[in-house]
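Listed below, chain by chain, are the residues.
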Amino acid sequence: MAGGWSKDGAVQDQIDASIEDAVKLARSQLPKGESLIYCEDCETEIPEARRKAIVGVRLCVNCQSELDQQQAKS
Ligand SMILES: [Zn+2]
């Protein structure tokens, strides 16, 4: 492991960075274009704010966070 991430106060920064990375990763993996109105996985309606915030969104918040957690482990 590289140093520089274990100082006091760095843990939260690391967590924040991980979430940010996960969001960026998720966005980078999404196809550009139309957001889905209903989650591809569970068919829950995706809130309009989320569809506008993430272009080409295909999953609801719950399914996306589950996916992010799975990706974070690997
Ligand atoms: Zn879903």
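Small disclaimer: the values here were computed from a predicted structure and weren't measured.

The subject of this paragraph is the overall build of the chain. Regarding its fold elements, the chain presents three helices and zero strands. Seen in sequence order, the chain has helices and strands lined up from the N terminus as α-α-α. A buried classification covers 8% of the 74 residues belonging to the chain. Contacts in the chain between residues far apart in sequence, at least 24 positions, make up 30% of those at least 6 positions apart.

Quick look at unusual backbone geometry now. Phi at E43 is positive, roughly 65°, even though this residue is not glycine. Within the fold, E43 resides in the loop between α1 (10-29) and α2 (48-53). On the neighbour-count criterion, E43 (12 C-beta atoms within 10 Å) is exposed.

Turning our eyes to something else, we now look at the confidence of the model for the chain. Residues at a pLDDT of 70 or more form 82% of the chain, whose mean pLDDT is 83. Considering each helix and strand of the chain separately, the mean pLDDT is smallest for α1, with a value of 79, and largest for helix α3 (residues 61-73), with 93.

All right, on to the environment of P47 then. Note that P47 resides in the loop between α1 and α2. It is 9.1 Å that separates the C-alpha atoms of P47 and V61, two residues lying 14 residues apart in sequence.

Conventions adopted
- Residues numbered from 1 in each chain as written.
- Predicted model: local features only at pLDDT ≥ 70, side-chain atom pairs only at ≥ 80, totals over all residues.
- Helix = DSSP H or I, 4+ residues; strand = E, 2+ residues; numbered from the N terminus.
- Buried ≥ 20, exposed ≤ 12 C-beta atoms within 10 Å, placed from the backbone.
- Contact = placed C-beta atoms within 7 Å.
- pLDDT = per-residue confidence, 0-100.

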